[in-house]
Amino acid sequence: AAGVSAAFGTPVGGVLFSLEEVSSHFPSRTLLRAFIASVVATLALSVSRLGGTEGRLTLFSVRYTVTCHPSEYFIFALLGITGGLVGALFNSINIRWNAFRAKPAYKKRVHPVTEVAVVAFLTLISSWPLALTRPLTADAIHAMFDTCSDNETETRRNRLQAKVGLCTHDGNYTEGDTGLLMMLFAAAVIRFCQMALTIGLACPAGLFVPSLFIGACLGRCTGGALKALNKNWRFFSHQIDPGVYSMVGAAAVLGGVSRMTISLVVIMLELTGGLDYVVPFMLSVLLAKAVGDAINESIYDLQIVLKGYPFLHEELDVTFTERCCDIMETSLTKVDVGLRPRVTDIRAMLRAFTYRGFPIVEEDRFIGYVRRTRLDGLLSRLEKQGRREQDEVLLEDLMPCTDSTVMRMVPSAPLSQAHQVFKQLGCQHIFVVGGNPGRSVGRKTQDALLGILSKKSFLRFLKDGRVGHMPEAQPLTPSIGTAGGDSPSRGEARYSSGELLSAMGVAHATYHEDVFGEPNEHTDQESGVSEQGSEAGEEAVGWSRGGRFRPSNSGAGSSSQASWGPSSASVQQGRQRMGEPTIAEAPFEAP
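One structure accompanies this document, and this report is about it.

Quick notes on the rules
- Residues numbered from 1 in each chain as written.
- Predicted model: local features only at pLDDT ≥ 70, side-chain atom pairs only at ≥ 80, totals over all residues.
- Heavy atoms only, no water.
- Helix = DSSP H or I, 4+ residues; strand = E, 2+ residues; numbered from the N terminus.
- Contact = heavy atoms within 4.5 Å.
- Areas by Shrake-Rupley, 256 points an atom, 1.4 Å probe, with all protein chains shown as cover.
- Axes fitted to C-alpha atoms, helices over the stretch in contact; angles between N-to-C directions.
- Left-handed = near helix turned anticlockwise from the far one by under 90°.
- Nonpolar A, V, L, I, M, F, W, Y, C, P; charged D, E, K, R; others polar.
- Salt bridge = Lys/Arg side-chain N within 4 Å of Asp/Glu carboxyl O.
- Buried < 20%, exposed > 50% of the residue type's maximum accessible area, 1.4 Å probe, protein only.
- Patch = residues over 30% accessible without salt bridge, like charges linked within 9 Å, V, L, I, M, F, W, Y side chains within 5 Å.
- Phe/Tyr/Trp six-rings, centres within 6.5 Å; stacked < 30°, edge-to-face > 60°.
- Lys NZ or Arg CZ within 6 Å of the ring centre and 35° of its normal.
- Parallel < 35°, antiparallel > 145°, perpendicular 65-115°, else oblique.
- Pairing = 2+ DSSP bridges.
- 1 Å grid on protein atoms, 1.4 Å probe; cavity = no way out; pocket = protein on both sides within 12 Å on 5 of 7 lines; lining within 4 Å.
- Points joined across faces, edges and corners; volume = space filled by probe spheres on them.

### Let's talk about the overall build of the chain
Next up, step 1: Along the chain, the regular secondary structure elements total 23 helices and nine strands.
Next up, step 2: Contacts in the chain between residues at least 24 apart in sequence constitute 69% of all its contacts with a sequence separation of at least 6.
Next up, step 3: Element-wise, carbon and sulfur atoms account for 58% of the exposed surface of the chain, whose accessible area totals about 27700 Å².

### Comments concerning the packing of helix 2 (residues 11–22) against helix 3 (residues 28–48)
Next up, step 1: One way to put it is that helix 2 packs onto helix 3 with a least axis distance of 9 Å and a crossing angle of 145 degrees. Viewed along their axes, helix 2 and helix 3 form a crossing whose handedness is right-handed. Residues P11, V15 and S18 of helix 2 touch helix 3, and the partners they reach there are L31, A34, F35, S38 and T42.
Next up, step 2: Split by residue class, the contact of helix 2 with helix 3 holds five nonpolar, three polar and no charged.

### With respect to the pattern of salt bridges
Next up, step 1: Throughout the structure, instances matching the rule amount to ten salt bridges.
Next up, step 2: Taking the shortest distance from any N to any O, the salt bridge between E389 and R347 comes out at 3.2 Å. Linking E389 in the loop between helix 17 (372–384) and helix 18 (395–398) with R347 in helix 16 (residues 343–352), this pair joins segments that are 42 residues apart in sequence.
Next up, step 3: Looking at R347, the relative accessible area reads 24%, which means it is partly exposed.
Next up, step 4: The shortest N-O distance in the salt bridge between R387 and D397 comes to 3.0 Å. Of this pair, R387 sits in the loop between helix 17 and helix 18 while D397 sits in helix 18, placing them ten residues apart in sequence.
Next up, step 5: The network of salt bridges with shared partners includes R259, K289 and D293.

### Structural notes on a nonpolar patch on the surface
Next up, step 1: Residues V118, F121, L122, L124, I125 and L197 make up a contiguous nonpolar surface patch of roughly 540 Å² in combined accessible area.
Next up, step 2: Here the nonpolar patch gets five residues from one element, more than from any other, and that element is helix 6 (residues 112–127).

### Notes on the packing of aromatic side chains
Next up, step 1: If you walk through the whole model with that rule in mind, you get 13 aromatic pairs.
Next up, step 2: On the numbers, 5.6 Å between centres and 50 degrees between planes, the contact of Y369 with F431 is tilted. Here F431 lies in strand 6 (residues 429–437) and Y369 lies in strand 3 (residues 365–371), a separation of 62 residues in the sequence.
Next up, step 3: Taking relative accessible area as the criterion, F431 reaches 2% and is therefore assigned buried.
Next up, step 4: Sitting over the face of the ring of W128, R134 holds its NZ or CZ atom 4.5 Å from the ring centroid.

### Section: the packing of helix 2 against helix 12 (residues 262–272)
Next up, step 1: Relative to each other, helix 2 and helix 12 sit at 165 degrees, their axes nearing to 8 Å. Here helix 2 lies roughly antiparallel to helix 12, going by the angle between them. In the packing of helix 2 onto helix 12, the handedness of the crossing is left-handed. Contacts from P11, V12, G13, L16, F17 and E20 of helix 2 reach helix 12 at I262, S263, V266, I267 and E270.
Next up, step 2: Tallied by class, the residues present in the contact of helix 2 with helix 12 amount to seven nonpolar, two polar and two charged.

### Details of the environment of L450
Next up, step 1: Mapping L450 onto the fold places it in strand 7 (residues 444–454).
Next up, step 2: Each C-alpha atom, one on L450 and one on V433, is 5.4 Å from the other, the two residues being 17 residues apart in sequence.

### Overview of the sheet that holds strand 3
Next up, step 1: Ordered by their spatial adjacency, four strands build an open sheet running 1-2-3-4, and the pairing between neighbours is mixed. Lying at the two open borders of the sheet, with one neighbouring strand each, are strand 1 (335–336) and strand 4 (402–403).

### Digging into the pairing of strand 3
Next up, step 1: Within strand 3, five of the seven residues are buried, which leaves the element mostly enclosed by the surrounding structure.
Next up, step 2: Note that strand 2 (residues 357–362) and strand 3 share six bridges and pair antiparallel. Paired with F358 across the bridge in strand 3 is V370.
Next up, step 3: As consecutive antiparallel partners, strand 2 and strand 3 are separated by two residues, and within that stretch E363 has a phi angle of approximately 60 degrees, a positive value.
Next up, step 4: Of the strand pairs in this sheet, strand 3 and strand 4 are connected by two bridges, and their pairing is antiparallel. Bridging across to strand 4, Y369 finds its partner in D403.

### Here's the deal with empty space enclosed by the protein
Next up, step 1: For the coordinates displayed, the defined rule picks out four cavities of 30 Å³ or more.
Next up, step 2: There is about 130 Å³ of room inside the largest cavity.
Next up, step 3: Lining the largest cavity are 14 residues, with T174, E175, L180, L181 and G224 sitting closest to its centre.
Next up, step 4: Residue assignment for the lining of the largest cavity shows that the elements contributing at least two residues are helix 9 (178–198) and helix 10 (208–233).
Next up, step 5: Element by element, the count of residues in the lining of the largest cavity is highest for helix 10, at four residues.
Next up, step 6: The class makeup of the residues in the lining of the largest cavity is seven nonpolar, three polar and four charged.

### Things to note about unusual backbone geometry
Next up, step 1: A positive phi angle, near 65 degrees, is found at R259, a position not held by glycine.
Next up, step 2: Mapped onto the secondary structure, R259 falls in the loop between helix 11 (242–258) and helix 12.
Next up, step 3: With relative accessibility at 3%, the residue R259 sits in the buried group.
Next up, step 4: Its identity as a non-glycine residue notwithstanding, R340 has a phi of 55 degrees, on the positive side.
Next up, step 5: Take R340: it is sitting in the loop between strand 1 and helix 16.
Next up, step 6: Under the relative-accessibility criterion, R340 is labelled exposed at 56%.

Okay, here's the thing in structure tokens:
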């Protein structure tokens, strides 16, 4: 909110942008904080006067006195449709380009600094031939938005309008000039290609201003052509102002790229100050979003999928019938304090695994979750206290660094409930606890750790089509690629984010990629969940993958047996139904 307010001088639009696009859960407290940040940023911008707007707060202030005629709404609707098509085309090209850049072979051969330098050089040589692409983009947009005037007090914008050929030197529109219309269209094409190559590079390249420039060029070209036709054939009984079409076209293209609605209309109203044109803005933005959504998703959603961010959308067309036990991970590396682990065993486990946390259990009772950093700190404190490597680590030692208030759910809980917990509470993991036969005959505990459901694994199952029963639909013929696989559709006649990236050959393995490390297939580094074996792990002492913490026996030649974690019959049946391997016995020897 503060960034949008400071960049464009739109405080209300910044708050609405953070509400509509940035946040999935937006309580009233967050809304108040966003509004305060937006007000402070706007006050700082107004006092410092660093925006170069000659004392005005709005970036593209206009001074129109001509109102829109209802007969022009059809043209505004066509601009909205055009903006949706242009935005969808940009999203398709840019996401394919970024998917190609994400390949290891490309990253190995092309350095980010070299890539930015090459794109900057291409931008320089492609922007020089046209007079409209040479000046700063903000100045060019303002020149296209504003009307022609002979006001001598605003010489800077008037000179730019006359220089690029938008207006004459006496403040009149340049009418019937085919060269001007071709220049506007060529400038839009050039800036489109530049933006498609630039967005996603290792440089702070904006998305708003280039989209506004492309839409302003297309809108100004449409307005100029209508003004020339109206002069000869009188299609409209009123005066045509190309600047109005330029503003509507800019809103349409930005809406087609970002799929914003309410916040975009408010931002355009604050940017231009044209309150009389709220209906054209609303009409063009709504149609741009409808057309774009029929083809692909917004650039933000596609980038989220490409980068593997664990973001859950509101899937209104999905009905979950599976339970948490059907997709939970049971192959856990956990520490059982009931088996009296030693300091050396804990240290060996930390060396063998790179997980950022481990579940703590006491026999069959789930205690909590301890992060790796806090476990390292505990070992350091025990060493300073004089504890030897062969001393036991007691539950009293682990409790101060263990989080016992983690989110827990029963195995029979529906996945719809887990979806709401992930989305509204912001949890990264859900620990599945329930009844499990204890070691002693006749004893049964109700808080045994049966498995874990992470946000990344939930997203992986959701994108692969193995979670939820989604209604079938006959998709329209896509304009980009062909989705692979037999995954069910999302009930809409368009590509979802996962299907689009599948069509481009981008694997869904990014969903189980460690955020702070390299990709590790089928591994959740955060919670200690893995479906693959580890040579280092199989040689360590005192821990088990999927089993409990088992200290080694003293003496040479001793060995210990560890079994892959316990799983209920319902879990096994759920995995078999989804075609996944069941849990098997996997003994290992201690060194």
